Structures are given as C-alpha cells and as structure tokens.
Amino acid sequence: MQIVLSIAPVFVLICLGYALRRGGIPSTEFWNLNDRLVYFLLMPSLFFVRISTADLSDASLLPLAGTLYIGLFAALVFGIIAARSIRTTAPVTTTVFQGTGRFNTFIGLAVAEALYGAPGLQISVLAAAVLVPVVNTSIISLFAIYLPQPGRRPVVTAILGLATNPLILSILAGIAANLAGWGEVPVLHNTLEILGVAALPIMLLCVGANLKLRGLTGEALPILLTVIGKLLLFPAVVIVAALLLGLSPLQAQVALILSALPTGAAAYTLARQLGGDAPLMAAVITVQTVISFLTMPLWIALGERLFLSL
C-alpha cells in the first residue's frame, strides 16, 4: 500500500493532464508548446545537471547498463518474433517492436524520485543516459530493415533527428563537462537545477494530455503482444539480469522501474515519420499507459522484496 501511495501522485498528475486536455485546456497549441518546452529545455537541463556532477568512474555503472541492455534486447527480439508469428505487415511489425522496446523516460524519473528521493532520481538519470541512445539507434536500424525507404531520405532524417535529439545532446554535454572536471559551475548549475525541478510535473501533465482514450483503433493481438513484451517480459528479464550481475539494491530497483514503464510518445512520432502504423502505435501507447497504472506497483513491490530486503 505504501508503494501505491508513494507513486499515486505521479499517476494523478497524468490523469489531471488528461482531464485538463479534454475539458479545462483543450488548446492543442498549448500542450504542443509545453511538450516542446519539456523536450528542448527542461528535461535536457535535468539530464545535464545530474550527469555532469555524477561519479562516472563508479564501476557499478557497467552492470547497471548491462542489465538494462539485456532486458531491452530480450524485449526487442520478443517483439520481432511475436510479430512474425502472427504474419502481420511490416508497419504493424514496427509498432510491435517499438511497443516492446521503447519506454517513457519521464514517468520513470518521476516514479524513482517519488519512491527513493534524490538518490533514486540520480540513478534513474544515469540509467536513462545509457539506455536512451541505444534504444533510439536500435529502433531506427530495425525500421531501416523492415521499412526500407526509396532514397532512404526518411531514415536519414530520423538519424539526423537522433543526432540533434536534445536529450542525447544533453547527455553528451553532461559527460563532457564531467570528464573535464568542471563540477558545479555557479549560476549555470543553479539555473539548470531550477529548470530541472520544473520538468517532471509539467511533463507528467503533458503525458496525460496526449492520451487518447476515445476512439481507440487497432488490432487487439498486436497491442496484446506489446503489453506482454513491455510490461511483463522486459521487467522479468531485468530482475534476473540484476540478480546475476550483482547490482546494488537501489540500482536494481531503479532498473526495474525503467523496465516496467509503458511505451513513450516518441514512438508515435517515429512511426508517422518512417511509415509505421501510427494509429496502432497511438493505441499501444494509451493502452500500455493505462495498464501500467496496475502493473508498475506490482513490479515495484516484487523488486523491494527481492532487492531491498537483501
């Protein structure tokens, strides 16, 4: 019950965002501008501050990254095999492997902080930093295989988008500042810290505003496969990998939180850009987000029994 109460505000903010979008603030332009504010300024500020001041020499970061990569590639392989087993189209296949491999970073950071405070947020930022570039590179590579484009212009556009992704750039900038030994730069870090604090609540409202519960369309079986791969298989594999690689209790728990997240909204954008099944992807994101309200507390409770009681 304590876990549910701790993370309930995260999901309350998501529901509030949905309610505001449907009634209080129906302006699409308003939410689009807030999405851009979070994506281009607030979240990069949070990533830069946390990464630039972290201890990147900590040897335990390697098993943390390994745990997340094992879970990610297990989920992606499952998504590809599952899509092939139902003999579906290439656009639907891309939806299935995106739905099993992508995750909503923003929810993960908020949940980790709500449960474990600043240490949880710090580990979750570092975990996201090692996972985000690999997830994006893997997904774009699979799109190039399953949906080759004449002239490859959409793929090139996606790769350029990856190279100019504000989150990835903030990760690289944070690593560079860390290796340069800058430490906390007066004014700069103080300003970015304030922006980072604003990121999580605004982002959660935007997550809720982008949900579309009415008029969900799409095939039930592909959606079910993504739920199995993302909300069940991914976290199960991460638990096993965390135990085998000897992660610290808090690292293991944060890795489990990230693995149990629903698919992020970026999956819809990429599906639309590269010729995937965008309506089905929107349905996957919404269904997974709603179901994760139930599954995440269960995985977190199991993780606390396995990891935090050791």
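Structural data are supplied above this passage.
Below is a short write-up of the structure. (Residues numbered from 1 in each chain as written. Predicted model: local features only at pLDDT ≥ 70, side-chain atom pairs only at ≥ 80, totals over all residues. Heavy atoms only, no water.)

**A look at the layout of surface pockets**
Put simply, the largest pocket is a space of about 1,500 Å³. Asp-35, Tyr-39, Ala-265, Ala-266 and Thr-269 are, among the 47 residues lining the largest pocket, the residues nearest its centre. Among the secondary structure elements, those contributing two or more residues to the lining of the largest pocket are helix H1 (2-24), helix H2 (28-52), helix H5 (105-146), helix H6 (153-163), helix H7 (166-179), helix H8 (188-209), helix H11 (266-274) and helix H12 (278-308). Broken down by element, the residue count for the lining of the largest pocket peaks at eight residues, all from H2. When grouped by side-chain class, the residues that make up the lining of the largest pocket number 24 nonpolar, 16 polar and seven charged. (1 Å grid on protein atoms, 1.4 Å probe; cavity = no way out; pocket = protein on both sides within 12 Å on 5 of 7 lines; lining within 4 Å. Points joined across faces, edges and corners; volume = space filled by probe spheres on them. Helix = DSSP H or I, 4+ residues; strand = E, 2+ residues; numbered from the N terminus. Nonpolar A, V, L, I, M, F, W, Y, C, P; charged D, E, K, R; others polar.)

**Overview of unusual backbone geometry**
Of note in the backbone geometry, Arg-87 takes a positive phi value of approximately 50 degrees without being a glycine. You can see Arg-87 is positioned in the loop between helix H3 (61-85) and helix H4 (90-101). For Arg-87, a relative accessible area of 78% gives the class exposed. (Buried < 20%, exposed > 50% of the residue type's maximum accessible area, 1.4 Å probe, protein only.)

**A few points about the environment of Leu-233**
Assignment of secondary structure puts Leu-233 in helix H9 (residues 220-245). You can call Leu-233 partly exposed: its relative accessible area is 26%. Expressed as a C-alpha distance, the spacing of Leu-233 and Leu-13, which sit 220 residues apart in the sequence, is 27 Å. Setting aside chain neighbours within four positions, we find Leu-233 in contact with Ala-74, Ala-75, Phe-78 and Ile-228. (Contact = heavy atoms within 4.5 Å.)

**Let's talk about the state of the cysteines**
Summed over the entire model, instances satisfying the criterion amount to zero disulfides. Considering cysteine sulfurs only, Cys-206 is the nearest to Cys-15, which forms no disulfide, with 15 Å between them. Since its relative accessible area comes to 4%, Cys-206 is described here as buried. (Disulfide = S-S within 2.5 Å.)

**Digging into a nonpolar patch on the surface**
Residues Ile-70, Val-240, Leu-244 and Leu-245 make up a contiguous nonpolar surface patch of roughly 380 Å² in combined accessible area. For the nonpolar patch, the element with the most residues is H9, which contributes three residues. Tracing the chain through its elements places Ile-70 in helix H3. On the accessibility criterion, Ile-70 (43% relative accessible area) is partly exposed. (Patch = residues over 30% accessible without salt bridge, like charges linked within 9 Å, V, L, I, M, F, W, Y side chains within 5 Å. Areas by Shrake-Rupley, 256 points an atom, 1.4 Å probe, with all protein chains shown as cover. Salt bridge = Lys/Arg side-chain N within 4 Å of Asp/Glu carboxyl O.)

**Section: the packing of H11 against H12**
Following both chains from N to C, one finds H11 and H12 inclined at 170 degrees, their axes separated by 9 Å at the closest point. Here H12 runs roughly antiparallel to H11, going by the angle between their axes. Where H11 approaches H12, its residues Ala-267, Tyr-268, Ala-271 and Arg-272 are matched on the opposing element by Ala-278, Met-281, Ala-282 and Ile-285. Partitioned by chemical class, the residues of the contact of H11 with H12 number seven nonpolar, no polar and one charged. (Axes fitted to C-alpha atoms, helices over the stretch in contact; angles between N-to-C directions. Parallel < 35°, antiparallel > 145°, perpendicular 65-115°, else oblique.)

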